[in-house]
Amino acid sequence: QVHVAESGGGLVQAGGSLRLSCAASGRIVSFGTMAWYRQVPGKQRELVASIVGGGLTNYDDSVKDRFIISRDSAMKRVYLQMNNLKPEDTAVYYCKMVVNNAVYYWGQGTQVTVSS
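Here goes a summary of the coordinates provided.

Definitions and cut-offs
- Residues numbered from 1 in each chain as written.
- Predicted model: local features only at pLDDT ≥ 70, side-chain atom pairs only at ≥ 80, totals over all residues.
- Heavy atoms only, no water.
- Helix = DSSP H or I, 4+ residues; strand = E, 2+ residues; numbered from the N terminus.
- Rg over C-alpha atoms; globule rule 2.2 N^0.38 Å.
- Buried < 20%, exposed > 50% of the residue type's maximum accessible area, 1.4 Å probe, protein only.
- Contact = heavy atoms within 4.5 Å.
- Phe/Tyr/Trp six-rings, centres within 6.5 Å; stacked < 30°, edge-to-face > 60°.
- Lys NZ or Arg CZ within 6 Å of the ring centre and 35° of its normal.
- Core = buried A, V, L, I, M, F, W, Y, C linked by side-chain atoms within 4.5 Å.
- Pairing = 2+ DSSP bridges.

What follows deals with the overall build of the protein chain. Secondary structure summary: the protein chain contains zero helices and 11 strands in total. Across the protein chain, helices and strands are ordered from the amino to the carboxyl terminus as β-β-β-β-β-β-β-β-β-β-β. Here the C-alpha atoms of the protein chain give a radius of gyration of 14 Å, agreeing with the 13 Å that 2.2 N^0.38 yields for 116 residues. Overall, the C-alpha framework of the protein chain stretches about 45 × 25 × 25 Å when taken along its three principal axes. For the protein chain, the residues scored as buried account for 39% of the 116 residues in total.

Attention shifts here to the side chain of Lys-96. In this fold, Lys-96 is placed in strand β9 (residues 91-99). Sequence-distant contacts of Lys-96, that is, excluding residues within four places in its chain, are made with Thr-33, Met-34, Ala-35, Tyr-37, Tyr-104, Tyr-105 and Trp-106.

For any two aromatic rings, the description comes down to two numbers: the centre-to-centre distance and the angle of the planes. For the structure shown, the criterion picks out one aromatic pair. Where Tyr-37 meets Trp-106, the ring centres are 4.9 Å apart and the plane angle is 65°; that geometry is what we call edge-to-face. With Tyr-37 in strand β4 (residues 31-39) and Trp-106 in strand β10 (residues 103-106), this residue pair connects regions lying 69 residues apart in the sequence. Arg-45 extends its terminal NZ or CZ atom over the ring of Trp-106, reaching a point 4.6 Å from the ring centre. Across the ring face of Tyr-104, the terminal group of Lys-96 is positioned such that the distance to the ring centre comes to 4.5 Å.

Let's shift gears to the nonpolar core. Grouped together as the largest cluster of nonpolar side chains are 29 residues, with contacts concentrated most on Trp-36, Val-78, Leu-80, Met-82, Tyr-93 and Met-97. Breaking this core down by element, the ones donating at least two residues are β1 (2-7), β3 (18-26), β4, β5 (46-51), β7 (67-72), β8 (77-82), β9 and β11 (110-115). Looking at this core element by element, the count peaks at five residues for β9. Excluding residues that lie within four positions of it along the chain, Leu-80 makes contacts with Leu-18, Arg-19, Leu-20, Trp-36, Val-48, Ala-49, Phe-67, Ile-68, Ile-69 and Tyr-93.

Sheet topology places β4 next to β9; seven bridges connect them, and they run antiparallel. Residue pairing in the sheet places Gln-39 in a bridge with Val-92 of β9. With five bridges connecting them, β4 and β5 associate as antiparallel partners. Considered in β5, the bridge of Tyr-37 is made with Leu-47. Between the end of β4 and the start of β5, which pair antiparallel, lie six residues, with Gly-42 showing a positive phi angle near 85°.

Below, the structure is given as structure tokens:
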């Protein structure tokens, strides 16, 4: 069984920074894409950023030049550095990891709240 867990959320003022971390544990022999999503009440979960094994990254336009995704496959972790946070970044942030040939797992989510 594979378990994925996020950490690092919290309350921050607009313009501040937070670093989210996501750790995987369990029987993992390979990693595929790692990604961060976010969701606000009443809306669909949306992709924030993703990173593939070769290091190629993809960002939603709303976070480009502010957020940085990185990964450490050896440590089974993916990170999201969030800078210049805005109130509209407030959401529950979820980590999604693709492991062991296209099986994906979600974390339980971590709340990020940005005050104006």
